[in-house]
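The lines below spell out each chain.
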Amino acid sequence: MSRGRILSGIQPTGNLHLGNYLGAIRNWVALQQDYECLFCIVDLHAITVWQEPKELLRSTREVAAGMIAAGIDPAANALFVQSHVPAHAQLAWVFNCIARLGWLNRMTQFKDKAGKDKEKASAGLYVYPNLMAADILVYKATHVPVGEDQKQHLELTRDIAQKFNNDYGMNFFPLPEPVIRGPGTRVMSLRDGTKKMSKSDPSDFSRLNMTDTADAIAQKIRKATTDPNPLPDAVAGLEGRPEAENLLSIYAALTDGTLEQAVAETAGWTFSQFKARLTEVAVAVLGPIDAEMARLMADPAEIDRVLARGAAKARSIAEPILAEIYATVGFLPPH
Ligand code: TYM
């Protein structure tokens, strides 16, 4: 029985990493039985910062392959590319006119991504959250499974939905619920436990990529930053030890357990003992996904067919909703 409709998205920029997997994709796989799901590869969002066209194209297929390899069933869900469903960009324009500048000025991701010289950031980067709201609301999605870093964008999505409903005096959009759960919602860099694991970190040693070989995984975990103490026997002992907390959270997520269980299992271990165990688990989880991704990437035409089917399904849901929105706003119907 479907409990609601899920929409979530991922940018096709660079490598998929463990944060994407534990914070998002793995939860999508788990939720797909219970919800009607739409999973979107957000290429329009990607170009808010410069993307090499050939690399964007390759990465779009690779992200699709990664999602399928991780267990997303493209026959049961809509797996598609954002630019294949024009309704996203069409609704985003309406939301550009609903969202207030003051709301966008508070977005921390813009501040992080724009860096020091905001004048040089693209206008697209500034209105990025409005497009994200459109991704979600053009399907009237009720639930949005994401990592912790997307929370503020989802709050803005709810504000936009609420303002639209108020302005037009109707209860048109549901207020979508963020689904942020499990020990992997904020995976940190392997080099610095206070920084998020991210595609844009210049050091590849900061992250485990879904396409890393077993050797690369072992090497990166071996080199991961730690502190000199053995592992604690209670979660409270992780206070002030961000690297230990991060590696244990990763271990908990990879073994489908809680942080408490991970701490209990490894109490008193040295980091070198623990790193050997973490490597085993990471290779066991990521290895088969990588192998399946490589198999899928060998047949790009099949990936394109899967994405075309996904887009057709997504358009069939989005277009009537967009038509209602356009009529509500007072746009003359085209025929
Ligand atoms: P993106 O492409 O940066 O990341 C995709 C998903 O991975 C999660 N994630 C993480 N989770 C835990 N730890 C990390 N270190 C980590 N890094 C990334 C993100 O939270 C996200 O769930 N704006 C979105 C894409 C987007 C979207 C949407 C998401 C566009 N439209 C509509 C949901 C609904 C983004 O840049 O994700």
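All values derive from a computational prediction rather than experimental measurement.

For the protein, the count of helices and strands is 13 helices and 5 strands. The C-alpha radius of gyration computed for the protein amounts to 21 Å, which stays within 12% of the reference 20 Å derived for 335 residues, consistent with globular compactness. C-alpha extents for the protein along the principal axes are approximately 70 × 45 × 45 Å. In the protein, buried positions account for 50% of the 335 residues. In the protein, of all internal contacts separated by at least 6 residues, the share reaching a separation of at least 24 is 76%. When the accessible surface of the protein is split by element, carbon and sulfur atoms take 55% of a total near 15400 Å². Taken as two groups, the 35 positive and 38 negative side-chain charges of the protein have centres that lie 3 Å from each other.

Time to look at the packing of aromatic side chains. This model, assessed by the stated rule, comprises 10 aromatic pairs. With 4.7 Å between their ring centres and 45° between their planes, Phe 164 and Tyr 168 make a pair best called tilted. Take Phe 164: its relative accessible area is 0%, and that puts it in the buried class. Tyr 168 gets classed as partly exposed once you look at its relative accessible area, which sits at 32%. Judged by centre distance (4.9 Å) and plane angle (85°), the rings of Phe 172 and Phe 173 are edge-to-face. The aromatic ring of Phe 172 is capped on one face by Lys 140, whose charged end is 3.9 Å from the ring centroid. Taking the ring centre of Phe 205 as reference, the NZ or CZ of Lys 223 above it sits at 5.2 Å.

Right, let's talk about the packing of helix H9 (residues 214-223) against helix H12 (residues 271-297) for a bit. Contact geometry of H9 with H12 gives a least axis separation of 9 Å together with a crossing angle of 145°. The element H9 and its partner H12 pack so that their crossing is right-handed. Where H9 abuts H12, its residues Ala 214, Ile 217, Ala 218, Ile 221, Arg 222 and Lys 223 lie against Lys 275, Leu 278, Thr 279, Ala 282, Val 283 and Leu 286. Tallied by class, residues from the contact of H9 with H12 come to 8 nonpolar, 1 polar and 3 charged.

Right, let's get into the site of the ligand. Around the ligand, the structure places 28 residues, and the nearest of them are Gln 11, Tyr 128, Asp 135, Asp 149 and Val 187. At a separation of 3.2 Å, an oxygen atom of the ligand approaches a polar side-chain atom of Asn 20. A distance of 2.9 Å separates an oxygen atom of the ligand from a polar atom in the backbone of Gly 147. Burial of the ligand by the protein chains amounts to 96% of its free accessible area of 710 Å². Going through the elements one at a time, strand E1 (5-10), helix H1 (18-31) and helix H7 (123-137) are the ones with two or more residues in the shell around the ligand. Among the residues making up the shell around the ligand, the classes are represented as 11 nonpolar, 12 polar and 5 charged.

With 30 residues, helix H13 (residues 300-329) should cover 44 Å at 1.5 Å per step; its first-to-last C-alpha distance of 41 Å lies within 8% of that length. Residues of H13 that are buried: Ile 303, Val 306, Leu 307, Gly 310, Ala 311, Ala 314, Ile 317, Ala 318, Ile 321, Leu 322 and Ile 325.

On to the domain arrangement of the protein. Split into domains, the protein comes out as domain 1 (5-186 + 300-329) and domain 2 (204-295). Summed over both sides, the interface between domain 1 and domain 2 buries roughly 1400 Å², with carbon and sulfur atoms accounting for 72% of that surface. Remark: the boundary between domain 1 and domain 2 carries 1 salt bridge. We note a salt bridge from Arg 26 to Asp 256, for which the minimum N-O separation is 2.9 Å. Contributions of two or more residues to the side of domain 1 that touches domain 2 are made by H1 and helix H3 (53-70).

The next subject is the pattern of salt bridges. Scanning all chains against the criterion turns up 18 salt bridges. Where Arg 58 meets Glu 55, a salt bridge forms, and the shortest distance between an N and an O atom there is 2.9 Å. You can see Arg 58 and its partner Glu 55 sitting in helix H3, 3 residues apart, about one turn around the helix. Under the relative-accessibility criterion, Arg 58 is labelled partly exposed at 31%. A single salt-bridge network, built from bridges that share partners, covers Asp 204, Arg 207, Asp 212 and Lys 220.

Judged by nonpolar contacts, the single largest core of 58 residues is most densely connected at Ile 25, Met 67 and Met 210. If you tally residues by element for this core, the top one is H12, at 9 residues. Apart from the residues within four sequence positions on either side, Met 210 is in contact with Leu 16, His 17, Tyr 21, Ile 25, Gly 66, Ala 70, Leu 286, Ile 289, Asp 290 and Met 293.

As a further point, take the side chain of Arg 26. Relative to the helices and strands, Arg 26 is located in helix H1. In terms of polar contacts, Arg 26 uses its side chain to reach the backbone carbonyl oxygen of Ala 253, at 2.6 Å. Sequence-distant contacts of Arg 26, defined by excluding residues within four places in its chain, comprise Tyr 21, Ala 253 and Asp 256.

About the cut-offs
- Residues numbered from 1 in each chain as written.
- Predicted model: local features only at pLDDT ≥ 70, side-chain atom pairs only at ≥ 80, totals over all residues.
- Heavy atoms only, no water.
- Helix = DSSP H or I, 4+ residues; strand = E, 2+ residues; numbered from the N terminus.
- Rg over C-alpha atoms; globule rule 2.2 N^0.38 Å.
- Buried < 20%, exposed > 50% of the residue type's maximum accessible area, 1.4 Å probe, protein only.
- Contact = heavy atoms within 4.5 Å.
- Areas by Shrake-Rupley, 256 points an atom, 1.4 Å probe, with all protein chains shown as cover.
- Lys, Arg positive; Asp, Glu negative; His and termini not counted.
- Charge placed at Lys NZ, Arg CZ, Asp CG, Glu CD.
- Phe/Tyr/Trp six-rings, centres within 6.5 Å; stacked < 30°, edge-to-face > 60°.
- Lys NZ or Arg CZ within 6 Å of the ring centre and 35° of its normal.
- Axes fitted to C-alpha atoms, helices over the stretch in contact; angles between N-to-C directions.
- Left-handed = near helix turned anticlockwise from the far one by under 90°.
- Nonpolar A, V, L, I, M, F, W, Y, C, P; charged D, E, K, R; others polar.
- Near = heavy atom within 4 Å.
- Polar contact = N/O pair within 3.5 Å; in protein donor to acceptor, adjacent residues only side chain to side chain.
- Expected span 1.5 Å × (residues − 1).
- Domains from an automatic or database assignment.
- Buried area = accessible area lost by both parts, 1.4 Å probe.
- Salt bridge = Lys/Arg side-chain N within 4 Å of Asp/Glu carboxyl O.
- Core = buried A, V, L, I, M, F, W, Y, C linked by side-chain atoms within 4.5 Å.

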